[in-house]
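# Observations on the model geometry
Listed below, chain by chain, are the residues.
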Amino acid sequence: MQAINFIAHRGWRQHYPENTYIALEQALAAGALNIELDIQLSADAVPFVFHDPNLARMCGTDGLIWDFTAKELLTLHASEAGRLGDKFANNPMCPLADIVDLLNAYPAANAYVEIKAESLCQFGTATVVDAVINILRPIADRCLLISFELDALIYAQHEGWQRFAAVFDYWPDWQLATLAALKPEVVFCDKHCVPIDADLRRLPWPVLVYEIGTLQEAKDWFARGAVAVETFLVGEMLSDFNITVDFAADSA
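Residues numbered from 1 in each chain as written. Predicted model: local features only at pLDDT ≥ 70, side-chain atom pairs only at ≥ 80, totals over all residues. Heavy atoms only, no water.

## Details of unusual backbone geometry
- Omega for the peptide link from Tyr-210 to Glu-211 comes to -15°, which places this bond in the cis form.
- Following the sequence through the fold, Glu-211 ends up in the loop between strand 9 (207-210) and helix 10 (215-223).
- Here the phi dihedral of Asn-19 falls at roughly 55°; this positive angle occurs in a residue that is not glycine.
- Positive phi, normally seen in glycine, also occurs at Lys-183, with a value near 50°.
- Structurally, Lys-183 can be placed in the loop between helix 9 (177-182) and strand 8 (186-190).
- Overall, Lys-183 belongs to the exposed group, its relative accessible area being 60%. (Helix = DSSP H or I, 4+ residues; strand = E, 2+ residues; numbered from the N terminus. Buried < 20%, exposed > 50% of the residue type's maximum accessible area, 1.4 Å probe, protein only.)

Structure (structure tokens):
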């Protein structure tokens, strides 16, 4: 079994504030070859690694992320205090640009970059997608754009982006014309929407299942034909499956 079977959902979220540099870096340091992160835009259309449109849960601050400029967001702390207490009280928010440097330090790793619907609605498809792909171009060969909003991915495809993964929280119509046009490398599916009798090996695209929380659950999904699972416990999963990665060798 290869490490590509595991996706670090918002980084190593089990132990670190989600969608922050430390969570993503620690996932890679633990041996993950695939990280997943979410994107929302600041008031001045700078992409940040962030899931919620509201800042309250992560930063303890009232307001929406696009109410603040990038400069203002960098003064906030993404500590996720409600879950992690004051352990990461001074942890900064993470601009997407920082992920370019992070992946350059881990040349074997890939990133699944989810463009969130809220920013698409707030700014429009072109503004959001252009901002994201312009930052990621130096590492484009290792970044797969994902979104629930397939039209945003089709726009990115028209702009020359090459790598995609669709994501669904319902059991999709596998004959969707948009899916056929997109030709995703993998399709993310919420585990709760997968029919109990579905043979994932018989579908037109490889299926990745989320959110997986135990070793046995991961084994069961692999047995059903999932090519990968997404998890908040990536370090634990890699350890349970006895997977190690020699990044020094990869970068030699």
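Now that the structure has been shown, the text picks up again.
## Section: the pairing of strand 6 (residues 143-147)
- Most of strand 6 sits inside the fold, with five of its five residues counted as buried.
- Pairing geometry for strand 5 (residues 110-115) and strand 6, over four bridges, is parallel. Across the sheet, residue Val-113 finds its bridge partner in strand 6, namely Leu-145.
- Strand direction decides the pairing type here: strand 6 and strand 7 (residues 164-168), joined by three bridges, are parallel. Each bridged residue has a counterpart across the sheet, and for Leu-145 the counterpart in strand 7 is Phe-164. (Pairing = 2+ DSSP bridges.)

## A word on the pattern of salt bridges
- Summed over the entire model, instances satisfying the criterion amount to 12 salt bridges.
- A salt bridge links Glu-18 to Arg-13, with the nearest nitrogen and oxygen atoms 2.7 Å apart. One exposure class covers both Glu-18 and Arg-13, and it is buried.
- In this structure, Glu-18 engages Arg-57 in a salt bridge whose closest nitrogen and oxygen atoms are separated by 2.7 Å. (Salt bridge = Lys/Arg side-chain N within 4 Å of Asp/Glu carboxyl O.)

## Comments concerning the side chain of Ser-119
- By the secondary structure assignment, Ser-119 is in helix 6 (residues 117-123).
- For Ser-119, a relative accessible area of 0% translates into the label buried.
- With residues near it in sequence (within four places) discarded, Ser-119 still touches Gln-40, Leu-41, Trp-66, Gly-124 and Val-128. (Contact = heavy atoms within 4.5 Å.)

## Side note on the packing of aromatic side chains
- According to the stated counting rule, one finds nine aromatic pairs in the structure shown.
- Measuring from ring centre to ring centre gives 5.5 Å for Tyr-112 and Phe-188, while their planes differ by 65°; the resulting arrangement is edge-to-face. A residue pair is termed long-range when its members are at least 10 positions apart, and Tyr-112 in strand 5 and Phe-188 in strand 8 qualify at 76 residues.
- When its relative accessible area of 9% is taken as the criterion, Tyr-112 is described as buried.
- Centroid distance Trp-171 to Trp-174: 5.3 Å. Interplanar angle 75°. Geometry classified as edge-to-face.
- Its relative accessible area of 26% is what places Trp-171 among the partly exposed residues.
- Given the relative accessible area of 10%, Trp-174 is considered buried.
- Grouped by ring-pair contacts, the aromatic residues Phe-6, Phe-222 and Phe-241 constitute a single cluster.
- In this structure, Arg-13 packs its charged tip against the face of Phe-232, placed 4.6 Å from the ring centre. (Phe/Tyr/Trp six-rings, centres within 6.5 Å; stacked < 30°, edge-to-face > 60°. Lys NZ or Arg CZ within 6 Å of the ring centre and 35° of its normal.)

## So, helix 8 (residues 150-158)
- Taken as a whole, helix 8 has its buried residues at Leu-150, Ala-152, Leu-153, Ile-154 and Ala-156.
- Looking at the residues trailing helix 8, positive phi occurs at Gly-160, about 105°.

## Side note on the confidence of the model for the protein
- Across the protein, the average pLDDT comes to 93, with 94% of residues at 70 or higher.
- Under a pLDDT of 50 for its full length, residues 244-252 has, in the predicted model, 12 contacts with residues more than four places off or in other chains. (pLDDT = per-residue confidence, 0-100.)

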